[in-house]
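Architecture and fold: a report
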Amino acid sequence: MQENVINKIYIDGEFVTPHGTELADLFNPATGKVIGQVQLADEVDTDAAVAAAKRALPAWSATSKEERLDALRRLQAAVAARTSEIQEAVLLEYGGPVRNAWMVGSAVGAFADMITTLEGFDFTRQIGNATVELEPVGVAGVITPWNSDPFFISNNVATALAAGCTVVIKPSEMSAMQTYALTRALHEAGLPRGVFNIVTGLGNVVGSAITRHPDISKITFTGSTPVGKVILRDAAETLKRVTLELGGKSPSIILDDADLDQAVTGALMAGFANSSQACVAGTRILVPESRLDEIIAVATAKMADFPVGDPSDPATAIGPMVSERQWERVQGYIRRGVEEGARIVAGGPGRPEGLADGYFVRPTLFADVTNDMTIAREEIFGPVLSILTYRDEDHAVEIANDTDYGLHAYVFSSDPTRAHRIASRLQAGRVAINGGFESLSPFGGFKQSGIGREYGTFGLEEFLEARSVMV
Ligand code: NAD
């Protein structure tokens with residue numbers, strides 16, 4: 001491989017040069033400079049990857065649970081052994097702050113979680129007279145975004161292989177270095193040829209070919225809602241099973257009994273996680289009218305705990321946006337917020353002081369936001385948070401649910417019973433009370449945040465087909 005040119009994809013257990021010849025530049029978002037190129041795969045490469053996965057399917061789908069567990073353990077160890085190399089790529093190509101070591105840790109964790117899930121999973125169930133057999137759905141196609149590349153690939157490889165499926169993955173072309181570092185690790189696990197194949201190319205070329213391919217039975221897509229709709233339409237022709245993990249506009253509800261210091265820290269963490277390039281970002285902070293001034297004062301003071309800057313500095317909480325396009329998009333939303341009457345209480349348009357290069361945004365907090373404003377309705381995917389007020393619990397729930405999305409929600413209260421009562425009224429696939437988290441619980445969206453669930457047993461079942469045998 002030429003230096004800084006990623007010209008290898010992974011098909012049938014080998015690194016091969018793509019048939020596709022188009023090159024795309026790769027950038028360091030912290031400097032805006034080109035750091036390399038990726039040679040993009042095409043439809044011919046996609047066909048080769050699908051054919052390899054199809055050849056590998058009969059043997060892999062016949063493996064025992066023990067054999068699959070052994071494979072997952074080897075994959076976990078292989079990724080764990082290369083975390084520093086993967087982390088370097090995340091830093092260089094994505095600008096992911098080193099402080100967020102969880103980004104690579106979660107890739108290792110994805111295998112650990114699927115091992116736990118598979119150990120306790122029963123592929124046969126008895127329902128009355130019927131024996132229900134859960135079969136692998138077939139060759140799976142997986143399409144992933146750029147905002148947590150090593151985790152999305154690892155989680156989908158783990159789940160598909162645990163189910164007995166073989167898989168073709170199309171990561172974002174903007175994450176080629178991260179994908180290459182991860183693939184080298186996965187390769188070292190020494191799995192049978194063709195069980196997983198990784199083909200980096202454009203969405204409308206490789207992604208589209210996977211979605212339409214007659215030999216693929218299931219698609220898992222993680223990405224934006226507009227592209228999710230295209231995938232659903234394209235997959236309809238071959239009636240693929242489709243799991244969609246899409247965008248969000250998640251509410252963080254601070255109840256009037258909350259410890260403000262903890263709640264505001266929690267809400268800002270939920271909003272700024274992964275430099276706010278997170279589908280689960282809590283971007284609408286709902287606060288009681290009676291405590292608005294207090295909360296604004298605490299929140300503006302706490303902005304200092306979320307410094308933006310060089311992602312290699314361990315103090316940095318918020319890195320750059322992934323691309324110039326994303327930077328422009330976020331700037332557009334900040335302007336729009338001002339035009340529509342919201343009040344900037346921290347941050348604002350332009351670049352942060354001293355960061356003239358790269359795609360850095362000033363972490364911005366808006367107050368006087370109403371839920372009909374563009375900044376409260378659309379997914380920004382950058383560090384721009386909105387504070388909205390509510391009158392009472394019912395009003396808080398009404399605002400929280402008044403969105404096309406329903407991926408995540410956060411509730412902060414000193415009374416867990418009260419918080420749970422509110423959580424049960426929220427249209428969201430996950431609700432975190434006071435920062436609660438469980439990686440094995442189902443993850444996915446209500447409404448336009450998606451279809452289906454990932455992680456744990458719910459995620460595994462998405463890769464299985466049920467056959468009832470009745471005597
Ligand atoms: P995107 O939708 O632009 O792209 C996602 C992937 O789809 C990429 O690999 C892309 O190449 C591919 N793609 C694009 N057009 C395609 C087509 N016509 N057919 C097939 N594939 C196609 O999203 P992005 O900008 O890479 O990522 C950001 C988005 O992802 C945000 O909206 C975010 O909320 C969402 N996201 C969701 C989750 C979740 O789990 N719910 C997680 C992370 C990101």
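Residues numbered from 1 in each chain as written. Predicted model: local features only at pLDDT ≥ 70, side-chain atom pairs only at ≥ 80, totals over all residues. Heavy atoms only, no water.

Bringing the packing of aromatic side chains into the picture now. Using the criterion set out here, one finds 10 aromatic pairs in the structure. Summarising the aromatic geometry, the rings of F15 and Y180 are spaced 5.7 Å apart at their centres and angled 75° between planes, so their arrangement reads as edge-to-face. Residue F15 is found in strand β3 (residues 14–16), and its partner Y180 is found in helix α6 (residues 176–188); the two are separated by 165 residues along the sequence. The exposure class of F15 is partly exposed, given its relative accessible area of 26%. (Phe/Tyr/Trp six-rings, centres within 6.5 Å; stacked < 30°, edge-to-face > 60°. Helix = DSSP H or I, 4+ residues; strand = E, 2+ residues; numbered from the N terminus. Buried < 20%, exposed > 50% of the residue type's maximum accessible area, 1.4 Å probe, protein only.)

Oppositely charged side chains may form a pair once their charged atoms are brought near each other. This model, assessed by the stated rule, comprises 25 salt bridges. With its nearest N and O atoms 3.1 Å apart, the salt bridge here joins R377 to D402. With a gap of 25 residues between them, R377 in helix α12 (residues 374–377) and D402 in the loop between α13 (393–401) and β18 (408–412) connect regions that are remote in the sequence. In this structure R377 comes out as partly exposed when scored by relative accessible area, which is 31%. For D402, a relative accessible area of 37% translates into the label partly exposed. (Salt bridge = Lys/Arg side-chain N within 4 Å of Asp/Glu carboxyl O.)

It is common to give the size of an interface as the accessible area that goes away when the parts come together. According to the domain assignment, the chain contains domain 1 (5–246 + 449–470) and domain 2 (251–439). Of note, the centres of domain 1 and domain 2, computed from C-alpha atoms alone, are 30 Å apart. Between domain 1 and domain 2, the residue contacts involve 25 residues of the former and 33 residues of the latter. Together, the buried faces of domain 1 and domain 2 total about 2,200 Å²; carbon and sulfur atoms form 56% of this surface. At the junction of domain 1 and domain 2, the tally comes to 0 salt bridges. In this assembly, domain 1 and domain 2 are joined by 10 residue pairs in polar contact (both at pLDDT 80 or more). (Domains from an automatic or database assignment. Contact = heavy atoms within 4.5 Å. Buried area = accessible area lost by both parts, 1.4 Å probe. Polar contact = N/O pair within 3.5 Å; in protein donor to acceptor, adjacent residues only side chain to side chain.)

For the rest of this paragraph, the subject is the packing of helix α9 (residues 260–272) against helix α10 (residues 292–302). At a minimum axis separation of 10 Å, α9 and α10 run at an interaxial angle of 60°. With respect to each other, α9 and α10 are oriented oblique. In this structure, α9 crosses over α10, and the sense of that crossing is right-handed. Packed against α9, whose contacting residues are L260, D261, V264, T265 and L268, the element α10 presents E294, I295, V298, A299 and K302 at the interface. (Axes fitted to C-alpha atoms, helices over the stretch in contact; angles between N-to-C directions. Parallel < 35°, antiparallel > 145°, perpendicular 65-115°, else oblique. Left-handed = near helix turned anticlockwise from the far one by under 90°.)

Side-chain alternation along strand β4 (residues 23–28) places A24, L26 and N28 on a buried face and L23, D25 and F27 on a face that remains uncovered. Here β4 runs beside strand β5 (residues 33–39); their pairing, made up of 6 bridges, is antiparallel. In the sheet register, N28 faces β5, and the bridge partner there is K33. The hairpin turn running from β4 into β5, its antiparallel successor, is 4 residues long, and G32 in that turn takes a positive phi close to 80°. (Pairing = 2+ DSSP bridges.)

Attention now moves to the sheet that holds strand β21 (residues 464–470). An order of β6-β7-β21 is seen for the 3 strands of this open sheet, with the pairing classed as antiparallel. Among the strands making up the open sheet, the edge pair consists of β6 (124–127) and β21. For this sheet, the mean angle separating the axes of adjacent strands, direction not counted, is 25°. Relative to β21, strand β7 (residues 130–136) is paired through 7 bridges, and the arrangement is antiparallel. Bridge pairing in β21 places P136 opposite L464.

So, on to the side chain of K249. Inspection of the secondary structure assignment puts K249 in the loop between β12 (241–245) and β13 (250–254). Of the side chains bearing the opposite charge, E379 lies closest to the buried K249, which forms no salt bridge; the N-O distance is 8.1 Å. If near-sequence neighbours (up to four positions away) are discounted, K249 is found in contact with T283, R284, I375, A376, R377, E378, E379, I380, T403 and Y405. (Lys, Arg positive; Asp, Glu negative; His and termini not counted.)

Moving on to the pairing of strand β16 (residues 364–367). Burial of the side chains of β16 extends over both faces: T364 and F366 are buried on one face and L365 and A367 on the other. Here strand β15 (residues 343–346) pairs with β16 via 3 bridges, running antiparallel. Bridged to R343 within β16 is A367. With 3 bridges joining them, β16 and strand β17 (residues 384–390) adopt parallel strand pairing. Bridge assignment links T364 to a residue of β17, and that residue is V384.

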